[in-house]
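# Architecture and fold: a report
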Amino acid sequence: MNAKPLQPSADFDVQRIRRDFPLLARTVHGKPLVYFDNANTSQKPLQVIEAVDNHYREHNANVARAVHQLGEEATAAYENARDKLATFINAGSREDVVLTSGTTQSMNLVAYSYALPRLKPGDAILTTVMEHHANIVPWQLVAARSGATVKAAPIDQRGELIVEKFFDMLTPEVKLACVTHVSNVLGTVNPVRDIARECRRRGIPLLVDGSQALPHRPVDVQALGCDFYALTGHKMLAPTGTGVLWAKREHLQAMPPFFGGGEMIREVRFDGTTFAEPPHKFEAGTPNIAGFAGVGAAIDYYQSLGFSAIRAWEHELLIYATERLREIPGLRIFGEAAEKEPVISFLIEGAQATDMATLLDLEGVAVRSGHHCAHPLMQFYGVPATLRASLAFYNTREEVDAFVAALLKVRKLLM
Ligand code: PLP
């Protein structure tokens, strides 16, 4: 990990920012909450909560169906979120931004609509050992149906992808490569731009799982040079049930619809139905309209703070938390990549992760314990579970201190 702060963050007023997040002020088991489970889901600022509330109070109607005023307002809020998302990830065109319920749906859309029709026995999908199950299981399901296989590129003990191995594994039978931008367990940032370049040289499409990247760093999908980029709203301040699949136009044009129903058709006839153009072709049924009103507000919130300030503060917190954790005897950190986001997985010798998390909860500290939907990564490290502290820009050094004090207390109880 780069141990130098990115830039001074003196003007980052974290206490002012925290006042935007009402939940951070609550207590848990009589203790002030320390919320370090941000990689699981982020907390929501008032601006997002109010956008959702305002939608239901003032604008609630279905999208793209009604010609009345409310219908137009609801459609505007939904389509406005698409515009903001397109700008946020530099999509090139709003038409290339498919609104989904989250990364999992985005991945499954690619699996069933893009991969399955193309795969044949002997083909392969290449992923990595550090992936979330959402970037493994959909590929296994379509591989099982088509006679293809799923291969996983290795990582090293520091939790970095062995990039040369990944490139070696980009053999002609690989029809799709899938890699996470940032690991949800290790915080590792993968060199997706280099990976995309090598995939392009070999004519292999690349899907990037951006779930854990967007909360921490600006993303430019065109500059990355990938073919597909998936993201989930609830990890980036927005409501649950919101997400995106961005894809290159040529792929969206070629992909058949996955879900059928209302909204995604041009004309329905029993002698042959025709479909809407992308992205609507992939958006059957009534979407999470209020949720996407919240997405718009979440993007505005990120932009009001600016990623350079967010990144500097989070990096400072990551360095501080890592140093403080290293003071604890018997503590092992999983994931020491040169470039990482503020996610720290660890174990303390002699203590079970779940016992620790349960006792930490009694101290008001919310961390995740378990396999983090990354069984193959746990198998790689030979452990059933880890504890994971995942930080956000609204966390503080004082919370890190409270977390470390709670860990020391809990460790004593369990030893
Ligand atoms: N990919 C990564 C790296 C994740 O961390 C997660 C969620 O934890 C997902 C995919 C799945 O996201 P969702 O459950 O929002 O679809």
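None of these values were measured; they are calculated from a predicted model. (Residues numbered from 1 in each chain as written. Predicted model: local features only at pLDDT ≥ 70, side-chain atom pairs only at ≥ 80, totals over all residues. Heavy atoms only, no water.)

Moving on, we get to the site of the ligand. The ligand sits among 13 residues. The nearest are T104, D209, Q212, T232 and K235. Contact distances for the ligand include 3.4 Å between an oxygen atom and a backbone N or O atom of T103. A distance of 3.3 Å separates an oxygen atom of the ligand from a polar atom in the side chain of H132. Here the ligand has 390 Å² of accessible area as a free molecule, and 87% of this is covered by the chains. (Near = heavy atom within 4 Å. Polar contact = N/O pair within 3.5 Å; in protein donor to acceptor, adjacent residues only side chain to side chain. Areas by Shrake-Rupley, 256 points an atom, 1.4 Å probe, with all protein chains shown as cover.)

For the rest of this paragraph, the subject is the sheet that holds strand β17 (residues 386–390). Working definition: the strands of a sheet are paired by backbone hydrogen bonds and lie parallel or antiparallel to each other. Taken together, four strands build an open sheet; the order of strands is β13-β14-β17-β16 and the sheet is antiparallel. At either end of the open sheet lies a strand with only one pairing partner, and these are β13 (331–334) and β16 (368–370). In this sheet, neighbouring strand axes are inclined to one another by 30 degrees on average, regardless of whether the strands run parallel or antiparallel. Pairing between β16 and β17: three bridges, direction antiparallel. Looking at the pairing, R368 lines up with R388 of β17. Against the sheet, helix α11 (residues 307–326) contacts β13 and β14 (343–348), and its axis sits at roughly 5 degrees relative to β14. Lying on the sheet, helix α14 (residues 397–414) is in contact with β13, β14 and β17; it crosses β14 at an angle near 20 degrees. (Pairing = 2+ DSSP bridges. Helix = DSSP H or I, 4+ residues; strand = E, 2+ residues; numbered from the N terminus. Axes fitted to C-alpha atoms, helices over the stretch in contact; angles between N-to-C directions. Contact = heavy atoms within 4.5 Å.)

In the structure shown here, the tally under the stated rule is 19 aromatic pairs. Pairing F36 with F403 gives two aromatic rings, centres 5.3 Å apart and planes at 75 degrees, and the pair type is edge-to-face. Of the two residues, F36 sits in the loop between β3 (34–35) and α2 (46–59) while F403 sits in helix α14, which places them 367 residues apart along the sequence. Judged by its relative accessible area of 1%, F36 falls in the buried class. (Phe/Tyr/Trp six-rings, centres within 6.5 Å; stacked < 30°, edge-to-face > 60°. Buried < 20%, exposed > 50% of the residue type's maximum accessible area, 1.4 Å probe, protein only.)

Under the domain assignment, the protein chain is made up of domain 1 (14–32 + 306–414) and domain 2 (49–303). Domain 1 and domain 2 are separated by 28 Å when their C-alpha centres are compared. Taken residue by residue, the interface counts 36 residues in domain 1 and 30 residues in domain 2. Summing both partners gives a buried area of about 2700 Å² for domain 1 against domain 2, and 60% of it is carried by carbon and sulfur. (Domains from an automatic or database assignment. Buried area = accessible area lost by both parts, 1.4 Å probe.)

Moving on to the UniProt feature "domain: Aminotransferase class V" (unreviewed entry) in the protein chain. UniProt's feature table lists "domain: Aminotransferase class V" (unreviewed entry) at residues 34–403, given in the numbering used throughout. Across residues 34–403 one finds 39% helix and 17% strand; the C-alpha atoms that close the span lie 7 Å apart. (UniProt positions renumbered as here; feature names shortened; annotations may be inferred.)

Turning our attention to the side chain of R324. Mapped onto the fold, R324 is located in helix α11. Taking relative accessible area as the criterion, R324 reaches 18% and is therefore assigned buried. Excluding anything up to four places from it in sequence, R324 contacts V400, D401 and V404.

A word on α2. Between the first and last C-alpha of α2 there are 18 Å, a value that for 14 residues agrees with the 20 Å anticipated at 1.5 Å per step. Within α2, the full set of buried residues consists of V48, A51 and H55. (Expected span 1.5 Å × (residues − 1).)

Evaluated as defined, the whole model comprises zero disulfides. No disulfide involves C178; its nearest neighbouring cysteine sulfur is the one of C199, lying 9.3 Å away. C178 sits in the buried class, given a relative accessible area of 0%. Cysteine C373 remains unbridged, with the sulfur of C178 as its closest cysteine sulfur at 17 Å. Assessed through its relative accessible area of 23%, C373 is described here as partly exposed. (Disulfide = S-S within 2.5 Å.)

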